[in-house]
Amino acid sequence: MKRSPSRSAFTLIELLTVMAIIGLLLTALVVAIGPVTKKVNRGKTKSQFSQYIQAYELFKGEYKFYPRLKGGDDRFDLKDNNEVFIETLSGKKKEGTPMSNSIALQINKKRINFYTFMDNEFCREEGDLKGQIVDSFINPNISIVVDSNNDGVIPREKLPPNSLEDADQLNAKVVVFSSQSENPDWEDVYSW
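**Examining the overall build of the chain**
Moving on, step 1. A tally of helices and strands in the chain yields 3 helices and 6 strands.
Moving on, step 2. For the chain, the α and β elements follow one another from N to C terminus as α-β-α-α-β-β-β-β-β.
Moving on, step 3. Here the chain holds 192 residues, and 36% of them are scored as buried.
Moving on, step 4. The contacts of the chain with a sequence gap of at least 6 include a subset with a gap of at least 24, amounting to 56%.

**Regarding the side chain of E121**
Moving on, step 1. By the element assignment, E121 lies in the loop between α3 (102-107) and β2 (142-146).
Moving on, step 2. Among buried Asp, Glu, Lys and Arg side chains, E121 stands out as unpaired, with R124 the closest opposite charge at 9.7 Å.
Moving on, step 3. Among the polar contacts listed, one links the side chain of E121 to the backbone nitrogen of M118, at a separation of 2.8 Å.
Moving on, step 4. With residues near it in sequence (within four places) discarded, E121 still touches Q48, Y52, Y115, T116, Q132, I133 and V134.

**Some points on the pairing of β2**
Moving on, step 1. Taking burial as the measure, the 5 residues of β2 include 5 buried ones, the bulk of the element.
Moving on, step 2. Here β2 shows a buried face lined by I142, I144 and V146 and a second buried face lined by S143 and V145.
Moving on, step 3. Direction of pairing for β2 relative to strand β5 (residues 174-178): antiparallel, over a ladder of 5 bridges. Bridge pairing in β5 links V145 to V175.

**Considerations on the confidence of the model for the chain**
Moving on, step 1. Mean pLDDT for the chain: 84, with 85% of residues reaching 70 or above.
Moving on, step 2. Mean pLDDT per element in the chain: strand β6 (residues 189-190) is the minimum at 62, and helix α2 (residues 82-90) is the maximum at 92.

**Re α2**
Moving on, step 1. Counting buried positions along α2 yields 8 of 9 residues, so the element is predominantly enclosed.
Moving on, step 2. For α2, every residue scored as buried is listed here: N82, V84, F85, I86, E87, T88, L89 and S90.
Moving on, step 3. Along its buried surface, α2 packs onto α1 (12-63), β1 (75-77), α3 and β2.
Moving on, step 4. One or two steps after α2, the chain reaches G91, where phi turns positive at roughly 75°.

**A closer look at the environment of K109**
Moving on, step 1. Position of K109 among the secondary structure elements: in the loop between α3 and β2.
Moving on, step 2. Linking K109 and G91, residues 18 residues apart in sequence, is a C-alpha distance of 8.6 Å.

**Remarks on the pattern of salt bridges**
Moving on, step 1. For the structure shown, the criterion picks out 4 salt bridges.
Moving on, step 2. The salt bridge involving K110 is made with E62; its shortest N-O contact spans 2.5 Å. With K110 in the loop between α3 and β2 and E62 in helix α1, the pair connects residues that are 48 residues apart, well separated along the chain.
Moving on, step 3. Judged by its relative accessible area of 52%, K110 falls in the exposed class.
Moving on, step 4. Residues K158 and D74 are paired through a salt bridge, measuring 3.1 Å at the closest nitrogen-oxygen approach. In this pair, K158 is assigned in the loop between β3 (154-155) and β4 (169-170) and D74 in the loop between α1 and β1, connecting sequence segments 84 residues apart.
Moving on, step 5. Judged by relative accessible area, which is 23%, K158 ranks as partly exposed.

**Quick notes on the pairing of β5**
Moving on, step 1. When you tally the buried positions in β5, you get 5 out of 5 residues, the bulk of the element.
Moving on, step 2. Along β5, one buried face is formed by V174, V176 and S178 and the opposite face, lined by V175 and F177, is buried too.

**Notes on the packing of aromatic side chains**
Moving on, step 1. Counting across every chain of the model gives 12 aromatic pairs.
Moving on, step 2. When the ring of Y52 is compared with that of Y115, the centres are 5.3 Å apart and the planes differ by 75°; the resulting orientation is edge-to-face. Here Y115 lies in the loop between α3 and β2 and Y52 lies in helix α1, a separation of 63 residues in the sequence.
Moving on, step 3. A relative accessible area of 8% means that Y115 is categorised as buried.
Moving on, step 4. Each ring, one from F59 and one from F114, has its centre 5.2 Å from the other, and the planes form 55°; the classification is tilted.

Criteria and thresholds
Residues numbered from 1 in each chain as written. Predicted model: local features only at pLDDT ≥ 70, side-chain atom pairs only at ≥ 80, totals over all residues. Heavy atoms only, no water. Helix = DSSP H or I, 4+ residues; strand = E, 2+ residues; numbered from the N terminus. Buried < 20%, exposed > 50% of the residue type's maximum accessible area, 1.4 Å probe, protein only. Contact = heavy atoms within 4.5 Å. Lys, Arg positive; Asp, Glu negative; His and termini not counted. Salt bridge = Lys/Arg side-chain N within 4 Å of Asp/Glu carboxyl O. Polar contact = N/O pair within 3.5 Å; in protein donor to acceptor, adjacent residues only side chain to side chain. Pairing = 2+ DSSP bridges. pLDDT = per-residue confidence, 0-100. Phe/Tyr/Trp six-rings, centres within 6.5 Å; stacked < 30°, edge-to-face > 60°.

Encoded structure:
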């Protein structure tokens, strides 16, 4: 009697079948993780914005007014204005050295640290956004609106389009939001 040789290797067909199954499982995993990642980023951004609001409230507790960082206006856009925002709320430059921005020095005269900025709040990617404050979606279009007359109301015209469904105003003292842009990866994330 002849014995048949034992097989100890996979055939090409078997390997391709296993690779196809693994590919399908990985595709399903990526599709399932996408919405979760979006929710996580939205939560991180809301937390970041809530901390900015808290810093503004601490500032008001000390100075009896909210910081108006652009000529007394009650809306401030962080994009391309990071230096004023950082120095006003932290009492120092991003690098930790003494403040140098004259606007920030006029607003936070005591150089009090109301907020400590973390590395993950700044864009680390190469390009135009490197070093800019961004939300978790790498969106630099962040705006802060304060209640200009201390009535606890922010009017619709100070907020992003379509942010209030039927109301003419938002009952709040400070609002932080990132506005949508041409980039489809950037999301509207509101603090309310």
